[in-house]
Amino acid sequence: MAEETIFSRIIRREIPADIIYQDDLVTAFRDISPQAPTHILIIPNILIPTVNDVTAEHELALGRLFTVAAKIAKEEGIAEDGYRLIMNCNRHSGQEVFHIHMHLVGGRLLGPLLAE
């Protein structure tokens, strides 16, 4: 069984976070170290450590990540100019918390995806 992470405690509201959306499948909250004017993490409420651990039973929750991202982008006023959705998988990608999560980043010109 996967180990609980800080995100599990945020979902249960045991530790403070600026939660901007929560339903039975996903939770979204502002990143504590934003990399752009808008930087929000959207996570499934079920613990899935990495993309490598995704199964067919997770499709509904993972699909909800995208519909919630679009809703939040519109509410944040960044949908028209554009935004980036980022998911990292394992250490070489920069994944730090092993509870799958999507970064919604925008509010300024973001530049190239990868630095050389």
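Residues numbered from 1 in each chain as written. Predicted model: local features only at pLDDT ≥ 70, side-chain atom pairs only at ≥ 80, totals over all residues. Heavy atoms only, no water.

As annotated in an unreviewed UniProt entry, the protein is Purine nucleoside phosphoramidase from Xenorhabdus anantnagensis.

J.: Can you walk me through the side chain of His-101 in this structure?
T.: The residue His-101 is located in the loop between strand E4 (83-86) and strand E5 (102-106) in this model. Exposure remark for His-101: the relative accessible area of 9% places this residue in the buried category. Side-chain polar atoms of His-101 contact the backbone oxygen of His-99, separated by 2.8 Å. Ignoring any residue separated from it by four or fewer positions in sequence, one finds His-101 in contact with Phe-7, Leu-41, Ile-42, Ile-43, Ile-86, Met-87 and Gln-95. (Helix = DSSP H or I, 4+ residues; strand = E, 2+ residues; numbered from the N terminus. Buried < 20%, exposed > 50% of the residue type's maximum accessible area, 1.4 Å probe, protein only. Polar contact = N/O pair within 3.5 Å; in protein donor to acceptor, adjacent residues only side chain to side chain. Contact = heavy atoms within 4.5 Å.)

J.: What's the story with the pattern of salt bridges in this structure? I'm lost.
T.: A side chain with one charge may pair with a side chain of the opposite charge, provided their charged atoms come close. Summed over the entire model, instances satisfying the criterion amount to eight salt bridges. Between Arg-64 and Asp-24 there is a salt bridge; the shortest N-O distance is 3.8 Å. A residue pair is termed long-range when its members are at least 10 positions apart, and Arg-64 in helix H2 (residues 59-76) and Asp-24 in the loop between strand E1 (19-22) and strand E2 (26-30) qualify at 40 residues. For Asp-24, a relative accessible area of 65% corresponds to the exposed category. (Salt bridge = Lys/Arg side-chain N within 4 Å of Asp/Glu carboxyl O.)

J.: In this structure, what is going on with the layout of surface pockets? I would like to understand it.
T.: To locate leftover empty space, one rolls a probe as large as a water molecule over the atoms. Each pocket or cavity is described by its volume, and for the largest pocket that value is around 460 Å³. Every element with two or more residues in the lining of the largest pocket is listed here: helix H1 (6-11), E2 and strand E3 (38-44). The element best represented in the lining of the largest pocket is H1, accounting for three residues. Approximately 200 Å³ is the volume attributed to the second largest pocket. Every residue along the wall of the second largest pocket is listed here: Gln-35, His-39, Arg-84, Ile-86, His-103, Val-105, Arg-108, Leu-110, Pro-112 and Leu-113. Here the residues of the lining of the second largest pocket sort into five nonpolar, three polar and two charged. (1 Å grid on protein atoms, 1.4 Å probe; cavity = no way out; pocket = protein on both sides within 12 Å on 5 of 7 lines; lining within 4 Å. Points joined across faces, edges and corners; volume = space filled by probe spheres on them. Nonpolar A, V, L, I, M, F, W, Y, C, P; charged D, E, K, R; others polar.)

J.: I tried to follow the packing of aromatic side chains on my own but got confused; where do I start?
T.: Here the distance between the centres and the angle between the planes together describe a pair of aromatic rings. One pass over the full model with this rule turns up one aromatic pair. Ring centres 5.5 Å apart and planes at 70 degrees place the aromatic pair Phe-7 and Phe-29 in the edge-to-face group. Of the two residues, Phe-7 sits in helix H1 while Phe-29 sits in strand E2, which places them 22 residues apart along the sequence. Taken as a pair, Phe-7 and Phe-29 share a single burial class, namely buried. (Phe/Tyr/Trp six-rings, centres within 6.5 Å; stacked < 30°, edge-to-face > 60°.)

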